[in-house]
Amino acid sequence: MTALSRNTRRGRRSVFQKVSEINWLIVAVVVAIGCTGLALLYSVAGGSFEPWAKSQLIRFLIGLACMLVIALVDLRIWMFLAYPLYFLSLLLLVAVEFVGHTGMGAQRWLNIGFMNLQPSEFMKIALVMALARYFHCLSNEDQSTYKSLLMPVILIVMPAFFVLRQPDLGTTLLIAFGGIAILFAAGVRMWIFIAGLIATIPAAISAWNFLKPYQKERVLTFLDPERDPLGAGYHIIQSKIAFGSGGLYGKGFVQGTQSQLNFLPEKQTDFIFTVLSEEFGLIGGLGLLFLYLTLLAYAILVSMSVRSQFGRLLALGMSVTFFLYVFINIAMVMGMLPVVGVPLPLVSYGGSAMLTLLIGLGFVLCVALHKDTMISRGGAFA
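Residues numbered from 1 in each chain as written. Predicted model: local features only at pLDDT ≥ 70, side-chain atom pairs only at ≥ 80, totals over all residues. Heavy atoms only, no water.

1. A short note on the overall build of the protein chain
Regarding its fold elements, the protein chain presents 15 helices and three strands. Taking all 382 residues of the protein chain together, 48% fall into the buried category. Of the contacts made within the protein chain by residues no fewer than 6 positions apart, 72% connect residues no fewer than 24 positions apart. (Helix = DSSP H or I, 4+ residues; strand = E, 2+ residues; numbered from the N terminus. Buried < 20%, exposed > 50% of the residue type's maximum accessible area, 1.4 Å probe, protein only. Contact = heavy atoms within 4.5 Å.)

2. Section: helix H8 (residues 169-185)
Across its 17 residues, H8 extends 24 Å between first and last C-alpha, which sits within 8% of the 24 Å expected from 1.5 Å per residue. Gly170, Thr171, Thr172, Leu174, Ile175, Gly178, Gly179, Ala181, Ile182, Leu183 and Ala185 are the residues of H8 that are buried. Looking one or two residues beyond H8, the residue adopting positive phi is glycine 187, at roughly 105°. (Expected span 1.5 Å × (residues − 1).)

3. As for a nonpolar patch on the surface
A cluster of nonpolar side chains, Leu248, Tyr249, Leu282, Ile283, Leu286 and Leu289, forms an exposed patch at the surface whose accessible area comes to about 590 Å². On the secondary structure map, leucine 248 appears in the loop between helix H11 (234-246) and helix H12 (257-260). (Patch = residues over 30% accessible without salt bridge, like charges linked within 9 Å, V, L, I, M, F, W, Y side chains within 5 Å. Areas by Shrake-Rupley, 256 points an atom, 1.4 Å probe, with all protein chains shown as cover. Salt bridge = Lys/Arg side-chain N within 4 Å of Asp/Glu carboxyl O.)

4. Considering the nonpolar core
If you look at the biggest cluster of nonpolar residues, it comprises 96 residues, and the most contacted ones within it are Val30, Ile33, Phe135, Leu314 and Phe363. Considering each element in turn, this core owes the most residues, 13 residues, to helix H14 (residues 309-333). In this structure valine 30 touches Phe60, Leu64, Met67, Leu295, Leu346, Leu358 and Leu361, once residues within four positions along its chain are discounted. (Core = buried A, V, L, I, M, F, W, Y, C linked by side-chain atoms within 4.5 Å.)

5. With respect to H14
Taking 1.5 Å as the rise per residue, H14 with 25 residues should run 36 Å; its terminal C-alpha atoms sit 36 Å apart, in good agreement. Within H14, 19 of the 25 residues are buried, leaving the element largely enclosed by the surrounding structure. A positive backbone phi angle near 85° is found at glycine 335, which sits one or two residues after H14.

6. Description of the packing of aromatic side chains
Per the counting criterion, the structure on display carries ten aromatic pairs. Consider the rings of tryptophan 78 and phenylalanine 363, whose centres lie 5.0 Å apart with planes at 85°: the pair is edge-to-face. Of this pair, tryptophan 78 sits in helix H5 (residues 75-99) while phenylalanine 363 is found in helix H15 (residues 351-369), placing the two residues 285 residues apart along the sequence. Ring centres of tyrosine 134 and phenylalanine 135 lie 5.3 Å apart, and the angle between their planes is 85°; this geometry places the pair in the edge-to-face category. Here the two residues tyrosine 134 and phenylalanine 135 agree in accessibility, since each one is buried. An aromatic cluster of three or more residues is present, and its members are Tyr42, Phe49, Phe253 and Phe280. (Phe/Tyr/Trp six-rings, centres within 6.5 Å; stacked < 30°, edge-to-face > 60°.)

7. Focus on the packing of helix H6 (residues 119-137) against H15
H15 packs onto H6 with a crossing angle of 20° between their chain directions and a minimal axis gap of 8 Å. On the basis of the axis angle, H6 is roughly parallel to H15. Residue-level inspection shows Glu121, Phe122, Ile125 and Met129 of H6 in contact with H15, the latter providing Ser352, Ala353, Leu355, Thr356, Ile359, Gly360 and Phe363. Classifying every residue of the contact of H6 with H15 by side-chain character gives seven nonpolar, three polar and one charged. (Axes fitted to C-alpha atoms, helices over the stretch in contact; angles between N-to-C directions. Parallel < 35°, antiparallel > 145°, perpendicular 65-115°, else oblique. Nonpolar A, V, L, I, M, F, W, Y, C, P; charged D, E, K, R; others polar.)

8. Comments concerning empty space enclosed by the protein
Evaluation of the coordinates by the stated rule reveals four cavities of 30 Å³ or more. Roughly 50 Å³ of internal volume is contained in the largest cavity. Lining of the largest cavity is provided by Ile125, Met318, Thr321, Phe322, Thr356, Leu357, Gly360 and Leu361. Among the elements of the structure, H14 and H15 are those that each provide at least two residues to the lining of the largest cavity. Broken down by element, the residue count for the lining of the largest cavity peaks at four residues, all from H15. (1 Å grid on protein atoms, 1.4 Å probe; cavity = no way out; pocket = protein on both sides within 12 Å on 5 of 7 lines; lining within 4 Å. Points joined across faces, edges and corners; volume = space filled by probe spheres on them.)

Functional significance is not addressed by these values, which are geometric in nature.
See below:
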């Protein structure tokens, strides 16, 4: 049997065959992380499924179903839909400018009836897909030309501009870094990154004057939390107290004083890792990090084994996005980065971010199922 016929047969596998080939161990890891989040939301509510754990469970089950459906769809179809999904996400970002719902001082959501949709979350996935398709269709000779880099830069800058206007600095950084990671993985020469970094230094310095007052306060508080211990520095000071009080084994489930006595703000969202560390100690924190590391290692291994450039960049882009969520959130609550409002993946309370991350993991599983499929530059199976 030739390699072409083997590829063709694998491309025509039935749904039941694909279901049997899904890496269910990785699905179990995802479920374990989601259950950890549900348990923590139950705890911070004082031992109650209301108001967070119950709705989070429903969202998680919906997202898990989406993840599995995405994994079963032909990878060629996702490549065909990459540009339409990108422009749909961009259109939703523009819609936020005019009809967006305002909450916590920012205009980031679209009210679609049964939930508030945050388009910037889905743009992280759509951007990775669009860039992966672009570089898949690009010849090796064109990847090093200036002209070939113009379109990827535009694809990154447009959503970053609209998200920054909301304003949402944390999501802007996630979109920008995720896009840059794809450029690096696609083989863009290192000196271009160095030149771009040098060129952005003056812009970064002058950007201070354009930051909102609360954004400036976050940076100053990061540098010196004690300058305003009862105001801007309150969050991070209470977070560090909770970290330290957890010790090695923690205080026990639903026994965290900082969270139960409401000393810890935003305990169900941005600072939920602090709750985990206080109640389950260093052991609990390392356990969750191990689960995250397992997912990241799997995604990287999938990107290294897939035969198509689109699949490789797609899996790698999703792994980078997931890593940035984990790194920024944990570094933020430990005082290593300014507070920028990035949730902990599959653990923090929230619908759009959870759905986005589960969709991203669904694409990783999809790439794994189709890793032996060759896709031509035009998108057809080779």
